[in-house]
Amino acid sequence: MKPYENIAELIANLESEIEAINAEITTLKTEPQSFNEQVVFKYIETGSTGKTKDFVRSLGVKSERGSLFSSGDVSKLIKAGSEDISPDLLDIARKITNMKNKNGKQRQ
């Protein structure tokens, strides 16, 4: 924990962290509004582009190229986003990606 000027600053910081966590919880409690959101939710759930790709393939959905959905398609969707995906949901997915990149393949 970093040093703070006073207790009030620490309290304010902790309260803002609580608000951010509550906002993420609210986002995760919402039902997917589109197929792309469903894919992103699956990625958040598994933390794996491979498992997400397998999920999409099990639904029989093909990529924009007309071929089987790939892990790269999942990564591209998370990185580039889409108009039909909530920005808050994408932020959560990108956090997971950044955690994986920072800590290697294992998620904590």
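Check the entry above for the structure.
For clarity, every value in this text was computed on a predicted model and none was experimentally measured.

Focus on the environment of Ser71
Tracing the chain through its elements places Ser71 in helix α4 (residues 71-80). By relative accessible area, which is 24% here, Ser71 ends up partly exposed. Every residue in contact with Ser71, bar those within four places of it in the chain, is listed here: Thr49, Gly50 and Lys53.

Focus: the pattern of salt bridges
Tallying each qualifying case throughout the model produces four salt bridges. Measuring nitrogen to oxygen at the nearest pair gives 2.2 Å for the salt bridge that ties Lys95 to Glu24. Residue Lys95 is found in helix α5 (residues 87-103), and its partner Glu24 is found in helix α1 (residues 7-29); the two are separated by 71 residues along the sequence. On the accessibility criterion, Glu24 (25% relative accessible area) is partly exposed.

Rules used throughout
- Residues numbered from 1 in each chain as written.
- Predicted model: local features only at pLDDT ≥ 70, side-chain atom pairs only at ≥ 80, totals over all residues.
- Heavy atoms only, no water.
- Helix = DSSP H or I, 4+ residues; strand = E, 2+ residues; numbered from the N terminus.
- Buried < 20%, exposed > 50% of the residue type's maximum accessible area, 1.4 Å probe, protein only.
- Contact = heavy atoms within 4.5 Å.
- Salt bridge = Lys/Arg side-chain N within 4 Å of Asp/Glu carboxyl O.

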